[in-house]
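A look at the structure
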Amino acid sequence: MKVLVIGNGGREHALCWKLRQSPLLTELYCAPGNPGIAGVADCVPHGVEEVHELAGFAKEIGIDLTVVGPELPLTLGLVDEFEARGLRVFGPRKAAAELEGSKVFAKEFMARYGIPTADFEVTRTRAEAAKAAARFGLPVVLKADGLAAGKGVVVATCAEDVEVALELFFDERRFGVASDRVVIEQFLPGEEVSFIALADGERLLPFATARDYKRLLDDDRGPNTGGMGAHSPSGLLPSAQAAEVLERILKPTLAGLAAENRRFRGVLYAGLMLTAEGPKVLEFNVRFGDPEAQALLLRLEDDLLPLLAAGASGSFPVSRLHFRKEASAVVVLASSGYPERPVRGEAIEGLERAAAVPGAHVFHAGTARRDGEIVAIGGRVINVGATGPDLASALRTAYTAAAHISWPAKILRHDIGRDFVERAAATQETGSFNLRELRSHLGNEPRDS
Ligand code: AMP
Ligand code: GLY
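Residues numbered from 1 in each chain as written. Chains lettered and ligands numbered in written order. Predicted model: local features only at pLDDT ≥ 70, side-chain atom pairs only at ≥ 80, totals over all residues. Heavy atoms only, no water.

1. With respect to the sheet that holds strand β5 (residues 89–90)
Where we set the bar: Between any two strands, at least two bridges found by DSSP are needed for them to pair. Comment: elements are numbered from the N terminus, with helices defined as DSSP H or I runs of at least four residues and strands as E runs of at least two. Pairs of residues are marked as contacts when any of their non-hydrogen atoms sit within 4.5 Å. In this analysis an axis means a line fitted to C-alpha atoms, helices contributing only their contacting stretch, and an angle means the value between N-to-C directions, from 0 to 180 degrees.
Strand order in the open sheet made by the 5 strands is β3-β2-β1-β4-β5, with parallel pairing throughout. The sheet terminates laterally at β3 (42–43) and β5, the two strands that pair on one side only. In terms of strand pairing, strand β4 (residues 65–68) meets β5 through 2 bridges, oriented parallel. Bridging from a neighbouring strand, T66 pairs with V89 of β5. Contacting β1 (2–7), β4 and β5, helix α11 (residues 304–312) crosses the sheet at an angle of about 95° to β4.

2. Things to note about the site of ligand 1
Condition: Here, proximity means that at least one heavy atom of the residue falls within 4 Å of the molecule or strand. Residues adjacent in sequence count toward polar contacts only when both atoms are side-chain atoms; beyond that, a polar contact is any pair of N or O atoms within 3.5 Å, and within protein one must be able to donate a hydrogen and the other to accept it. Using the Shrake-Rupley algorithm and a 1.4 Å probe, accessible areas are obtained, with residue cover drawn only from the displayed protein chains.
By nearness alone, 16 residues border ligand 1, and E185, Q186, L188, E192 and E283 come closest of all. Between E192 and ligand 1, the recorded distance is 2.5 Å, taken from a side-chain N or O atom to an oxygen atom. Here an oxygen atom of ligand 1 and a side-chain polar atom of E283 are 3.0 Å apart. Notes on ligand 1: free accessible area 470 Å², of which the protein chains cover 90%.

3. Description of the packing of helix α5 (residues 94–101) against helix α6 (residues 103–113)
Spelled out, the test is: Note on terminology: angles under 35 degrees are roughly parallel, angles over 145 are roughly antiparallel, angles of 65 to 115 are roughly perpendicular, and the others are oblique. Charged residues are taken to be Asp, Glu, Lys and Arg, nonpolar residues to be Ala, Val, Leu, Ile, Met, Phe, Trp, Tyr, Cys and Pro, and polar residues to be all remaining types, Gly included.
Running from N to C, α5 and α6 cross one another at 95°; their axes reach a closest spacing of 6 Å. Between α5 and α6, the crossing angle belongs to the class labelled roughly perpendicular. Across the interface between the two elements, E98, L99 and G101 from α5 touch K103, F105, A106 and F109 from α6. Looking at the contact of α5 with α6 residue by residue, the class counts come to 4 nonpolar, 1 polar and 2 charged.

4. Remarks on helix α13 (residues 391–404)
In plain terms, the rule: In a helix, the anticipated span is given by 1.5 Å times the number of residues less one. The buried label goes to any residue with under 20% of its type's maximum accessible area, the exposed label to any with over 50%, and the partly exposed label to all in between, with areas taken from a 1.4 Å probe on protein chains only.
Taking 1.5 Å of rise per residue, 14 residues should cover 20 Å, and α13 covers 20 Å from first to last C-alpha, within 8% of that figure. Burial in α13 covers these residues: L391, S393, A394, L395, T397, A398, A401 and A402.

5. Here's the deal with the side chain of D212
Tracing the backbone through its elements, the reader meets D212 in strand β12 (residues 211–212). In this structure D212 touches S194, G226, G227, M228, G229, A230, Y269, P291 and E292, once residues within four positions along its chain are discounted.

6. Quick notes on helix α1 (residues 10–20)
Of all the 11 residues making up α1, 10 are buried; the element is thus mostly covered by neighbouring parts of the structure. Those residues of α1 that fall on the buried side of the exposure criterion are G10, R11, E12, H13, A14, L15, C16, W17, K18 and L19.

7. Describing the site of ligand 2
The environment of ligand 2 is made up of D212, K214, G226, Y269, N285, R287, G289, D290, P291 and E292. Between ligand 2 and R287 there is a distance of 2.9 Å, counted from an oxygen atom to a side-chain nitrogen or oxygen. Separating a nitrogen atom of ligand 2 from a backbone N or O atom of D290 is a distance of 2.9 Å. Here ligand 2 has 200 Å² of accessible area as a free molecule, and 90% of this is covered by the chains. The residue makeup of the shell around ligand 2, split by class, is 2 nonpolar, 3 polar and 5 charged.

8. Quick word on the environment of R211
With respect to the element layout, R211 can be found in strand β12. For the pair R211 and L237, spaced 26 residues apart in the sequence, the C-alpha separation amounts to 10.0 Å. For R211, the contacting residues outside a window of four places in its chain are E192, G229, A230, H231, S234, L236, D419 and R423. One polar contact links R211 to D419, side chain to side chain, over a distance of 3.3 Å.

9. Description of the nonpolar core
Put simply, the rule is: In this text, buried Ala, Val, Leu, Ile, Met, Phe, Trp, Tyr and Cys residues form a nonpolar core when linked through side-chain atoms within 4.5 Å.
Counting 52 residues, the largest nonpolar core has L4, L78, F82, L99, L204 and L250 as the members making the most contacts within it. Counting residues per element, this core draws most heavily on helix α9 (residues 239–259), which supplies 8 residues. In this view, L78 contacts I6, V51, L54, V68, P73 and V89; residues no more than four positions away in its chain are not counted. Formed by 41 residues, the second largest nonpolar core is a distinct cluster that contains L205, A210, L297 and L307.

10. Points about the packing of α1 against helix α10 (residues 292–299)
Using the following cut-off: Here a crossing is taken to be left-handed if its near helix is turned anticlockwise relative to the far helix by less than a right angle, and right-handed if that turn runs clockwise.
Relative orientation of the contacting elements α1 and α10 amounts to 15°, with a least axis distance of 8 Å. Classed by the angle they form, the pair α1 and α10 counts as roughly parallel. Crossing angle aside, the handedness with which α1 passes α10 is left-handed. Contact residues: G10, R11, A14, L15, W17 and K18 in α1; A293, Q294, L297 and L298 in α10. For the contact of α1 with α10, the class distribution of residues is 6 nonpolar, 2 polar and 2 charged.

11. A few points about the sheet that holds strand β10 (residues 191–200)
Backbone-to-backbone hydrogen bonds pair the strands of a sheet. The strands run either parallel or antiparallel. Strand order in the open sheet formed by 4 strands is β11-β10-β16-β17, with antiparallel pairing between adjacent strands. Edge strands, defined here as strands with exactly one partner in the open sheet, are β11 (204–206) and β17 (278–285). Each strand of the sheet is rotated relative to its neighbour by a mean of 35°, with strand direction disregarded. Bridge count for β10 against strand β16 (residues 265–275) is 10 bridges, and the pairing is antiparallel. Across the sheet, residue I196 finds its bridge partner in β16, namely Y269.

Encoded structure:
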């Protein structure tokens, strides 16, 4: 099969790395890709938002399956465009991608189907938003409706934060039309966990759990980022709670979307807060998380290619995914100034030495090749992943490999997985759910053993 992956981050590098291992693969392309991806795929110079050009390329080459990494092309209707031209894609159409593309849609959708989420109000003016924020008290969360590159959410802990957010959304118009409507919502205390599943429109294949570290600095300080590290298992979601997430959140979401003529095929990602009242949805994404995908794909045993191809056609061939018993960890290396204004253009050294560490994998994100050198051109630059018999050893390997990589502005978190390892040592528990135990909740016909 000829496969096209769309995107240029660590997530897409991991997708290409995994798809490259499939015996069914004949040719692999990635648009636009990056220098790391160029090692496993042919890079095609089209941006992720060039939906028509991408469809033209896929048609011309005779691509059998397209896999979409980021949300932007999905919300722009890439899948609709490809399908109209008879091309098979694993990803949701525009109408289903609204689940991520519009926070107002997602919140109102959850309200319609009784899917647990924070109480909220949709506001259209600064005065309305200020009134709603006052009603919820502090802390309170303010969210721009549309895509804002992960920067459209403000968790306000004091009145001044609320003022600054309102100014940003309504006066400065920093996010343009994305903040025409602003969701004001109740702050949920608890621990955050990602729950990711493949969906073929009707059925779900959950991944093992993963945890993402969103804050820039150690001990969860500093601004929110796209994610500074991840590990799998998450250590936070035992089987009983995972079953609850499936029954109360993912299954009703899939069924509700289908009922509203927004059938969902692709990656369904629920960002959850584990609260005293049970798991509640913070947000939905309609694609793999980055860097969670790197952690999950390092553990996935199954051949990803036939799964995605069958899912794109509406029928998974298996009833569950299989994961290696090993743990995986990913440490993100970023450039100082991230997420606001990362330093760009510095040459990176030590990539080969890092990749040579046994058990380590180097996935590129914001890199470019210039005059024979690899330079850092983005916020998140390199992901160093590793697997190991337990999380402590996976982390050790990832950090050992990460230490080989250097450029002047390199920054990283030093505490990825630390509290999990400490907790596991104290309780002897892995906290990881067993996918076999979840099977009875999936309702998938057991076509495999
Ligand atoms: P979102 O993009 O909606 O997931 O929000 C980004 C981050 O803001 C989340 O990962 C949480 O850390 C935080 N957050 C969002 N909504 C809430 C909420 N209702 N209560 C507490 N934290 C939240
Ligand atoms: N790591 C969070 C995300 O991909 O949205």
